[in-house]
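Read off the chains here:
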Amino acid sequence: MSLKAQELADTLRAFEQHGTKAGAAKALGVSEPTVKYRLDRLAELDIGEAGMVYHEAKDGFAAPVLPGGEMPTDELIEFMTSNYRKRREAEKARKPIPIKMTDDQPVGLMFYGDPHVDSPQCDWPELRRCVAICQMTEGMRGVSLGDHTDNWIGRLQAEYGNSNATTKQAWQLADWFISSIDPLLIIKGNHDAWSGSGDPLEYIRGPGNIYENWQAMVELLWPNGKRAILDVRHDHPGGSQWHPLHGQVKEARYNKSGLSADIYIAGHRHTWGMMTTEMQGRVVHMCRAKGFKGHGEYEEVKGFEAQHLGHTITAVFDPDPVSDTGFISVFAEPQEAAEFLTYKRSRP
């Protein structure tokens, strides 16, 4: 089909839809004389049943001017405008994401570092222990910091030769993990993002499980007016061999997100650390959870330091603290956090 034939068909439809040459011209994004010229050209062609336009016959054969599948210009502009407004509204709703607390009781959030549930190096005894503590502790919810499976792609798929689980079993294990901790928030890590548009985690997550790509700003809102902002990411930009929390400290200091958070926490690097200090008039907690994947051949060859603790970092929030230093307490040992939260919630 020639471009000329397509233009003629589009012009006829626009004229029939809008009823005037001026309306058709505006819809098509062309001048009114152009519309008039095309309509005059159409008058020279054969128009069959149902308004079908035919080219001039050649050797007894008259080919139709077939319609294209593209939107007219005015519809395309409206479509692009609507999409932009939806994206802007979605971004605005996430700066930050508001979480309404139902009462002023102390609560806890257990932040799980990278699970990599199908990896041979996944510490399943520790993962099951942490999940059980979260399940049994009243007032505690989970937050997953990303990289739920290895999800190897490209040349890295060769690593599946060392795996004890099939790809199908990997998502089966991920489903167990997500449903077991019923997380308030799930962060999509780089290994999760390798799924592309067909991300199984979109279907695994349940109602109320917020799922965000790489990072999320969350604000906890208590009835008594107390607020806490959490900067939760798979990782914060910046690294240093001298400071395991360089990225979190950098973000807290320079505040590039535009929001001053109370907690800056990430996973990704398979190391852990905690730091609490007063910064710019507020108490700030900067943390990283190690996750559950231990050292493999790659880490050993590269000479990375092996760490064996800090799989999770748990934050306990007391919305009625004695002072600002008692508002948030962080723990690398989940059992200690659970006992502290239980004590806090038992107070009269």
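Above this text sits the structure in question.
Attention here is on the structure that accompanies the text. (Residues numbered from 1 in each chain as written. Predicted model: local features only at pLDDT ≥ 70, side-chain atom pairs only at ≥ 80, totals over all residues. Heavy atoms only, no water.)

### A short note on the packing of helix 5 (residues 124-136) against helix 6 (residues 167-181)
Here comes step 1: Axis separation between helix 5 and helix 6 bottoms out at 9 Å; the angle between their running directions is 30°. Compared by their axis directions, helix 5 and helix 6 come out roughly parallel. In this structure, helix 5 uses Trp124, Leu127, Arg128, Val131 and Gln135 to contact helix 6, whose residues at the interface are Leu173, Trp176, Phe177, Ser180 and Ile181.
Here comes step 2: In terms of residue class, the contact of helix 5 with helix 6 is made up of 7 nonpolar, 2 polar and 1 charged. (Axes fitted to C-alpha atoms, helices over the stretch in contact; angles between N-to-C directions. Helix = DSSP H or I, 4+ residues; strand = E, 2+ residues; numbered from the N terminus. Parallel < 35°, antiparallel > 145°, perpendicular 65-115°, else oblique. Contact = heavy atoms within 4.5 Å. Nonpolar A, V, L, I, M, F, W, Y, C, P; charged D, E, K, R; others polar.)

### Thoughts on the nonpolar core
Here comes step 1: Counting 29 residues, the largest nonpolar core has Phe111, Leu220, Leu230, Val232 and Phe317 as its most contacted members.
Here comes step 2: Contributing elements (two or more residues each) for this core: strand 3 (97-100), strand 4 (107-112), strand 6 (185-188), strand 8 (215-221), strand 9 (227-233), strand 10 (263-266), strand 13 (312-317) and strand 14 (328-331).
Here comes step 3: What leucine 220 contacts, discounting residues up to four positions off in sequence, is Ile99, Met101, Leu109, Lys226, Arg227, Ala228, Leu230 and Phe317.
Here comes step 4: Within the second largest apolar cluster, 25 residues are counted, among which are Leu127, Cys130, Ala174 and Ile181. (Core = buried A, V, L, I, M, F, W, Y, C linked by side-chain atoms within 4.5 Å. Buried < 20%, exposed > 50% of the residue type's maximum accessible area, 1.4 Å probe, protein only.)

### So, the pattern of salt bridges
Here comes step 1: Taken as a whole, this structure holds 16 salt bridges when the rule is applied.
Here comes step 2: The partner of arginine 129 in a salt bridge is glutamate 333, and the shortest N-O contact between them spans 3.0 Å. Pair noted here: arginine 129 is in helix 5 and glutamate 333 is in the loop between strand 14 and helix 11 (334-346), with a separation of 204 residues, a long-range link.
Here comes step 3: Of the charged contacts in the structure, one is a salt bridge between arginine 345 and glutamate 138, with a shortest N-O distance of 3.5 Å. Taken as a pair, arginine 345 in helix 11 and glutamate 138 in the loop between helix 5 and strand 5 (140-144) lie far apart in primary sequence, 207 residues in all.
Here comes step 4: Assessed through its relative accessible area of 60%, glutamate 138 is described here as exposed.
Here comes step 5: Through salt bridges with shared partners, one network takes in Glu126, Arg129 and Glu333. (Salt bridge = Lys/Arg side-chain N within 4 Å of Asp/Glu carboxyl O.)

### Side note on the sheet that holds strand 9
Here comes step 1: Ordered by their spatial adjacency, 6 strands build an open sheet running 3-8-9-10-12-11, and the pairing between neighbours is mixed. Since the sheet does not close on itself, it has two edges, and those belong to strand 3 and strand 11 (273-279), each with one partner. Within the sheet, the average angular offset between the axes of one strand and its neighbour, ignoring direction, is 20°.
Here comes step 2: In the sheet, strand 8 pairs with strand 9 via 7 bridges, with the strands oriented antiparallel. Each bridged residue has a counterpart across the sheet, and for glutamate 219 the counterpart in strand 9 is isoleucine 229. (Pairing = 2+ DSSP bridges.)

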